[in-house]
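The lines below spell out each chain.
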Amino acid sequence: MKHTRRRTRTLVALVAAIAMIAAACGDDNGDPDEPEAAEEEVAEEPEAEEEPADEPDAEEETEEPAEPGDEMFDITLIPGVTGDEFYVSMECGALEAAEEFGVNLDVQGAPQFSPTDQIPVLEAVIASGPDAILIAPTDVDALQAPLQAAVDAGIEVVLVDTTLSDPSLAVSQIASDNLLGGSLAADALGELMGGEGAALVVNVTPGISTTDARGEGFIQGLEENWPDIEFVGQEYSDNEPARAAEIVSAVLAAEPELRGIFGANLFSAEGAATGIRQEGRDDVFVVGFDAGPAQIEQLREGIVQALIVQQPLDIGYQGVEQAVLALTGGENTFEIGTGFVIATIDNLDDDDVAPFLYRSDC
Amino acid sequence: MAQQTLLQARGIVKNFGHVRALRGCDFDVYPGEVVAMIGDNGAGKSTLVKIVAGVQPPDNGELYFDGEPVTLADPTEAQALGIETVYQDLALAPDLDPAANLFLGREVLKPGLIGKLGFLDTKAMTAKTLAAFKNLGAGVQSATAPVATMSGGQRQSIAVSRAATWADRLVIMDEPTAALGVVQSRAVLELIRRVRDQGIAVIIISHNMPEVLSVSDRVEVLRLGRRVAQFVTADTDMEALVAAMTGARVQEDAG
Amino acid sequence: MTQIPETDLDTNGATDAEGAQAPPSALKWLTDRLADSTAFIFVALLAMILVFTVLRPDAFATVNNLRNIAIAASILLVLSIGQTFVIGTAGIDISVGSMLVFSGVVASLAMAEVGGGQGWASVGVGVAVSLLAGGFWGMVNGLLVTKVKLPPLIVTLGTFGGVLGLAKVLTGGINLRTVPNELVNTLGIGRAFGVVPWLVILALVLTAIFGVVLRYTRFGRYTLAIGSNEEAARRVGIDVDLHLLKVYTLSGLLAGVAGIMNLARFTNTTIQGHDTDNLQSIAAVVIGGTSLFGGIATMFGTLVGVFIPTTLQNGFVILRIQPFWQEVAVGAVLILAVYVDQLKRRARNRL
């Protein structure tokens, strides 16, 4: 036991040292890393202290050699991309659940939404041997094999937000019903447009299950409920606001009847609004998806008229809950759909909307 | 002189826009001699050297090599005739070693199949380079350190050795000592004499009159794009050379 | 003279010429190598591996994890081989990632046409098409640089955007998923003797071959001569334009190889995943001690330079350090590597 204590301490010290070195390299920006080093300390210390109190899961721990002192479950969340408010909110929800259920939650991710960037991170996470992984796969096929490897290594996998071609390897998949979200967007936009004019979808990039479903849902919703609105097509912003703005400018030039745009994600809606503003138009309505600070700002400014708000906190929370259930032998719910809130300038500060707005930190 | 010229330039004209760099310039080099080309700035020395080295074609005029008319469309054609040039900027690759520089563009490949694949025979090139340095008395000990680590004199020696190694007939040197100190200049001049002693003719461009008088066998003077005088070094002095350069004294062209 | 930092070209000669006079002691050999920035970064990589191993021996230093690091590095390594030659000539190739994507896209399209996207014939056609496509764009880069005389940065910046755009035109922006199982099961996830992934073997074999080409052949010599002093190379009669054309074509060909590797590994064309391949490969090459000004390049350095960011990322994740620190650390390593290179150069050119 003493031995493990010492090792944990050494580890903490070395991690802190590396963080220090990294900080020193990063233009001597020493401050931000200190809380992190401290956090590490808090996270590791109690494990060692509580060591004697053996819990049932200790047996499972012995399967992973040289991972001493682990009492609490280690769960790693891998978002689709780092620094995105949707995923940050998911992280907040997951953290909340982690605290509640008494598990360690670590977040690791890549700076680009792409399997080429996400897979190396996932592989390293697998190597670090957590008990469960919450992941938003960046490709329905490419992540299949690496996640199978995680399952083979005895790690429980929970899919959050996005999914796989064959999700059966996961204990649970939790996501917004994006098809529904899309049709909600069609309804919101149809109402704003008064049921006439032309509408455009600015989507992210083809091949992402969630945003594809939103686009599809929007088109279906339009067809079913708004027969007098002309659908002019779906364009792709590649998740770049500037690209979205260019697209909107171009379509406005070509389609003077354009009265409504559905921006299928954060940057697409943001860029669409920018494009409209550039063209100096005030008769074009924008419905966005998601509710990051930038979009809420635009909602307040009246550039965007409605937001279809997902519940990433709920996704994160339920993700951890499902992981814990799987680890403790509970019964999992394989498919969980989380709901939506429609935010407008009028209800933005109401109690049934405000808590769902996305956060840039927890 | 009854001897056959090695290189003869006749009536060379070269204009750069409105600038008339050469206006019917003549020049002669005889086998195995050091001939100094002198002249004030703008006399056309560098332009004439570039034409003889094949870097630029003349607008008009003829070149004769061994009495035969030749055209030099690019440097490799001049090299094929056995003419090598040491430029003022030396044209060395500073990151490569002396052996690589000496053999640049003329690499020795390994024998057999492996050589056909382009493998270099570094050992052979290094040995030949060291032999060339020794033969010419060049003060370069290492054939294997990057040229950038070496002194100006050593670099000049490498450039001269390279030219001497590949020139069968003629080496042209543009201001070989301009950037060097006294001791290094002396070493390079000595190197020039050894090149001549191997039967290779040398054209040396220089502003330094004592140096010209000490190293050359003959002197040809350019002024305003024409050759204005020819001297046998042993029969002349600094005063005469300067007078010819500045136009204070005009000598009838012997050619 | 103080320590002479040795370039690629002179190390083998040094033993011939000077070894006979004074056999260098082991200590001198070591200090000579330490003055060499390639050795410096190699030591840095070993130190990183050591630290990670000490901190998490159970997680980091496992066969499986090291294998994953090698796989993660393999595709970038192949791109960086070509980049090493290009930067060796004092050029730059911003378009490697786009050529990779384009090659993969046309290969996938071609494979769908042959045998319905399955079978070895399909694989063969796909590989051929990928190499042709990559080589073609590389040649276009080379022609624009040598014949139209545009700066390499601008040329490859243009093809970076244009070629990726064309790839998206061909697919409507949707990732193609036609990849024969034969390719995925061998190159993609297969391992030699059940241990070493074929992706890694392919990358290492190419690195070794082109390392030898760079160091021991006339092709490599011309590459560095042009990078060191292009005018000097022209004056000795080297066909500089032809050589540059070959170098850029080689970079494209290797991007074609990487395109196939990428398809095999990710089972789709990952159009969105290669925007920063160019910067990553340039960083790897420069960290590896190749001079951005040309004339100095080593393939071993590039190998190490590719592994440093990959290892850092893996190690940081395993140590559960916030992911953004990895970017900070790689940036710091890059700047440090260039600084060491500058110091070395300044010391060398002092004379």
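Thresholds applied
- Residues numbered from 1 in each chain as written.
- Chains lettered and ligands numbered in written order.
- Predicted model: local features only at pLDDT ≥ 70, side-chain atom pairs only at ≥ 80, totals over all residues.
- Heavy atoms only, no water.
- Helix = DSSP H or I, 4+ residues; strand = E, 2+ residues; numbered from the N terminus.
- Buried < 20%, exposed > 50% of the residue type's maximum accessible area, 1.4 Å probe, protein only.
- Contact = heavy atoms within 4.5 Å.
- Areas by Shrake-Rupley, 256 points an atom, 1.4 Å probe, with all protein chains shown as cover.
- Pairing = 2+ DSSP bridges.
- Axes fitted to C-alpha atoms, helices over the stretch in contact; angles between N-to-C directions.
- Buried area = accessible area lost by both parts, 1.4 Å probe.
- Salt bridge = Lys/Arg side-chain N within 4 Å of Asp/Glu carboxyl O.
- Polar contact = N/O pair within 3.5 Å; in protein donor to acceptor, adjacent residues only side chain to side chain.
- Left-handed = near helix turned anticlockwise from the far one by under 90°.
- Nonpolar A, V, L, I, M, F, W, Y, C, P; charged D, E, K, R; others polar.
- Patch = residues over 30% accessible without salt bridge, like charges linked within 9 Å, V, L, I, M, F, W, Y side chains within 5 Å.
- Lys, Arg positive; Asp, Glu negative; His and termini not counted.
- Charge placed at Lys NZ, Arg CZ, Asp CG, Glu CD.
- Disulfide = S-S within 2.5 Å.

A. The overall build of chain C, seen in detail. Looking only at helices and strands, chain C features 15 helices and two strands. Counting the 351 residues in chain C, one finds 60% classified as buried. Sequence-distant contacts, at least 24 apart, represent 79% of the contacts inside chain C between residues at least 6 apart. When the accessible surface of chain C is split by element, carbon and sulfur atoms take 72% of a total near 13200 Å².

B. Main features of the overall build of chain A. Along its length, chain A carries 12 helices and 12 strands. Expressed as a percentage of the 362 residues in chain A, the buried residues total 57%. For chain A, long-range pairs separated by at least 24 residues make up 72% of all intrachain contacts whose partners lie at least 6 apart in sequence. Surface exposure of chain A reaches about 14600 Å², of which carbon and sulfur atoms provide 50%.

C. Here's a closer look at the sheet that holds strand β4 (residues 60–65) of chain B. Residue and element names in this part refer to chain B. Strand order in the open sheet formed by four strands is β2-β1-β4-β5, with antiparallel pairing between adjacent strands. One side of each edge strand has no neighbouring strand; the edge strands of this open sheet are β2 (19–29) and β5 (68–70). Put simply, the sheet's adjacent strands are angled 30° from each other on average, direction ignored. Relative to β5, β4 runs antiparallel, the two sharing three bridges. Bridged to Leu-63 within β5 is Val-70.

D. View of the interface of chain C and chain A. Counting residues at the interface gives 43 residues for chain C and 46 residues for chain A. Of the roughly 3600 Å² buried at the junction of chain C and chain A (both faces included), carbon and sulfur atoms supply 57%. On the chain C side of the interface with chain A, the three residues burying the most area are Val317(C), Arg320(C) and Trp325(C), jointly 19% of the side's total. For Asp141(A), the salt bridge is made with Arg177(C), and the minimal N-O distance between the two is 2.9 Å.

E. Region of interest: the sheet that holds strand β7 (residues 170–174) of chain B. All names here are of chain B. One open sheet accounts for six strands, arranged β6-β7-β8-β3-β9-β10; its pairing is mixed. Two strands bound the open sheet, and with one partner strand each, they are β6 (83–86) and β10 (226–232). The average angle at which neighbouring strand axes cross in this sheet is 20°, direction not considered. Sheet topology note: the strand β3 (residues 34–39)/strand β8 (residues 201–205) ladder contains four bridges and is parallel. Within β8, the residue paired with Val-34 across the bridge is Val-202. Seen against the sheet, helix α6 (residues 152–166) touches β6 and β7 and runs at an angle of roughly 175° to β6.

F. The side chain of Thr298(C), seen in detail. All names here are of chain C. Summarising the element assignment, Thr-298 is placed in the loop between α13 (277–287) and α14 (299–318). The buried category is assigned to Thr-298, whose relative accessible area is 13%. For Thr-298, the side chain forms a polar contact with the main-chain nitrogen of Gly-301, separated by 3.0 Å.

G. Seen up close, the environment of Glu191(A). Take Glu191(A): it is sitting in helix α7 (residues 178–193). Assessed through its relative accessible area of 63%, Glu191(A) is described here as exposed.

H. Up close: the pairing of β10(B). All names here are of chain B. Most of β10 is tucked away, with five of its seven residues classed as buried. Note that strand β9 (residues 218–223) and β10 share six bridges and pair antiparallel. Bridged to Arg-218 within β10 is Val-232. Taken together, β9 and the strand that follows it, β10, pair antiparallel across an intervening segment of two residues, in which Leu-224 is found at a positive phi of about 50°.

I. Quick peek at the packing of helix α5 (residues 96–113) of chain C against helix α6 (residues 120–146) of chain C. Residues and elements named next belong to chain C. In contact at an axis separation of 8 Å, α5 and α6 are set at 145° when each is read in the N-to-C sense. Here the hand of the crossing between α5 and α6 comes out right-handed. Touching Met-99, Phe-102, Ser-103, Gly-104, Val-106, Ala-107, Ala-110 and Met-111 of α5 are Ser-122, Val-123, Val-125, Gly-126, Val-129, Ser-130, Ala-133, Gly-134, Trp-137, Gly-138 and Asn-141, all from α6. Partitioning the contact of α5 with α6 into residue classes produces 11 nonpolar, eight polar and no charged.

J. Local environment of a negative patch on the surface. Residues and elements named next belong to chain A. A cluster of acidic residues, Asp-346, Asp-350, Asp-351 and Asp-352, forms a negative patch at the surface. Mapping Asp-346 onto the fold places it in the segment after β12 (341–343). Judged by relative accessible area, Asp-346 falls into the exposed class, the value being 68%.

K. A look at the pattern of salt bridges. On inspection of all chains with the given rule, the structure shows 28 salt bridges over all chains. A salt bridge links Glu231(C) to Arg235(C), with the nearest nitrogen and oxygen atoms 3.3 Å apart. Here Glu231(C) pairs with Arg235(C), and both are found in helix α11 (residues 230–235), just four residues apart, close to one helical turn. The exposure class of Glu231(C) is partly exposed, given its relative accessible area of 39%. Overall, the relative accessible area of 16% leaves Arg235(C) in the buried class. What you see here is one network of salt bridges that share partners, running through Arg10(B), Asp28(B), Glu33(B), Arg218(B), Glu220(B) and Arg227(B).

L. Just α13(C), in detail. Summarising burial for α13(C): nine of the 11 residues are buried, a large majority. Taken from the residues just after α13(C), Gly289(C) is the one with a positive phi, measuring 95°.

M. Structural view of the state of the cysteines. Residue and element names in this part refer to chain A. Per the counting criterion, the structure on display carries one disulfide over all chains. Between Cys-92 and Cys-362 runs a disulfide, and the two sulfur atoms are separated by 2.1 Å. On the S-S bond that ties Cys-92 to Cys-362, the torsion sits near -95°, and the link is left-handed. With Cys-92 in helix α4 (residues 85–101) and Cys-362 in the segment after β12, this pair connects stretches of sequence that are 270 residues apart.

No statement about biological role is implied by the geometric values presented.
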